[in-house]
Amino acid sequence: MRIGSIVAGLGSAMALLGTPAGVFAQEVLGELESVGKPWAKGVAFQPAVTEIARDIHWLDNMLLIVITLITLFVTALIAWVVIRYNAKSNPNAGTFTHNSVIEVIWTVVPIVILIVIGAFSLPALFKQLEVPEPDLTIKATGYQWYWGYEYPDSEFAFDSYMLARDELAEYGYADDEFLLATDTAVVVPVGAVVKMQVTGGDVIHSWKIPAFGVHIDAVPGRLNETWFKVEREGIYFGQCSELCGKDHSYMPITVKAVSQEKYDAWLEEAVQEFAGTMPAITVASAD
């Protein structure tokens, strides 16, 4: 206990001397690959590293096929009408006012298409909101204009601010990660079910990590919940996705997914740095 107090005291002293917040805890993570981030001229999705993200990608590809077929059919139908029923090809216009069969078809077919789409999209939506038994709970609170994070199991919290361009190298980020990287990052273990509790401290924000398939609003006075389970180590970036004021574009999100061993080492450092407590560990009985 005494050693912990000394370490915490040293951490506070270093912070007062100008050491950036979160540096000590982040150092134990080592080098990590930047996996989830935009790339120049990129038009495809970021790599899917969760089950939810893979579901979203599959659904998007399925919908792309459906809307392509619809577009081709409508285009062909318009072309046929233009060619077959122009004034030259059809000088005597028809005098009918309706066609019951066609009207039934263009009502029933779209309904069937929407039912098929809903049968696949609604389960994907419900999966994001039906949180399984979590291994870790993190609370994110959006403020104008930064994010605050709490690890309730360990009773510590920290704020996360966007890094200036000249600070990127100091924190180990590349130049093209400007407007994406933050001074402190959310750290999660690979393979763990993480429950995210999201709320807003002033106006509506939105917590979004594209590679996770996670996008949920942070509403003041409301605690929204979602979850993810990262399958690949690396650094993942997101941004507030709800217009929240003049600095809306400057409140990015950084998540580092690491092995369980690295996470445990980070957690120990974070507890000391942010004055938290280690969660109780229940050891199974040998009986």
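Residues numbered from 1 in each chain as written. Predicted model: local features only at pLDDT ≥ 70, side-chain atom pairs only at ≥ 80, totals over all residues. Heavy atoms only, no water.

On to the packing of aromatic side chains, then. All chains considered together, the criterion is met by 17 aromatic pairs. Judged by centre distance (5.5 Å) and plane angle (90°), the rings of Trp-80 and Tyr-85 are edge-to-face. According to the relative accessible area criterion, Tyr-85 is partly exposed, its value standing at 43%. Taken together, the aromatic side chains of Tyr-149, Tyr-151, Phe-156, Phe-158, Tyr-263, Trp-266 and Phe-274 make up a single cluster linked through ring pairs. (Phe/Tyr/Trp six-rings, centres within 6.5 Å; stacked < 30°, edge-to-face > 60°. Buried < 20%, exposed > 50% of the residue type's maximum accessible area, 1.4 Å probe, protein only.)

Okay, a negative patch on the surface next. Residues Glu-27, Glu-233, Glu-261, Asp-264, Glu-268 and Glu-269 make up a contiguous surface patch of negative charge. When residues of the negative patch are assigned to their parent elements, the largest contribution, 4 residues, is made by helix α5 (residues 260-273). The residue Glu-233 is located in the loop between β9 (224-228) and β10 (234-239) in this model. (Patch = residues over 30% accessible without salt bridge, like charges linked within 9 Å, V, L, I, M, F, W, Y side chains within 5 Å. Areas by Shrake-Rupley, 256 points an atom, 1.4 Å probe, with all protein chains shown as cover. Salt bridge = Lys/Arg side-chain N within 4 Å of Asp/Glu carboxyl O. Lys, Arg positive; Asp, Glu negative; His and termini not counted. Charge placed at Lys NZ, Arg CZ, Asp CG, Glu CD. Helix = DSSP H or I, 4+ residues; strand = E, 2+ residues; numbered from the N terminus.)

Next up on the list: the confidence of the model for the chain. Summing up the model confidence of the chain, the mean pLDDT is 88 and the portion of residues at 70 or higher is 89%. Residue range residues 1-18 is modelled with pLDDT below 50. Its contacts to residues more than four positions away, or to other chains, number 6 contacts. (pLDDT = per-residue confidence, 0-100. Contact = heavy atoms within 4.5 Å.)

One open sheet holds the 4 strands; their spatial order is β1-β10-β11-β5, and the pairing between them is mixed. Each edge of the sheet is formed by a strand with only one pairing partner; in this case those strands are β1 (34-36) and β5 (186-189). Each strand axis lies, on average, 35° off the axis of its neighbour in the sheet, ignoring direction. Inspection of the sheet shows β1 paired to β10 by 2 bridges, in the parallel sense. Opposite Gly-36, over in β10, you have Tyr-236 as the bridge partner. (Pairing = 2+ DSSP bridges. Axes fitted to C-alpha atoms, helices over the stretch in contact; angles between N-to-C directions.)

Between Gln-144 and the following residue, Trp-145, the backbone shows a cis peptide bond with an omega angle of 0°. Mapped onto the secondary structure, Trp-145 falls in the loop between β2 (136-143) and β3 (146-151). Its identity as a non-glycine residue notwithstanding, Glu-155 has a phi of 60°, on the positive side. Inspection of the secondary structure puts Glu-155 in the loop between β3 and β4 (156-160). Phi is positive for Leu-179, which is not a glycine, with a value near 75°.

Further remarks concern the pattern of salt bridges. Within the structure shown, the criterion is met by 8 salt bridges. Note that Glu-177 is salt-bridged to Lys-37, the shortest N-O span being 3.0 Å. Within this pair, whereas Glu-177 is found in the loop between β4 and β5, its partner Lys-37 is found in the loop between β1 and α3 (51-84), the two being separated by 140 residues in sequence. In terms of burial, Glu-177 and Lys-37 fall into one category: buried. Shared partners join several salt bridges into a network, and the residues in it are Lys-37, Asp-176 and Glu-177.

Moving on: the environment of Val-28. Position of Val-28 relative to the elements: it lies in the loop between α2 (23-27) and β1. Its relative accessible area of 32% is what places Val-28 among the partly exposed residues. Once residues lying within four places of it in the same chain are set aside, the contact partners of Val-28 are Ala-265, Trp-266 and Glu-269.

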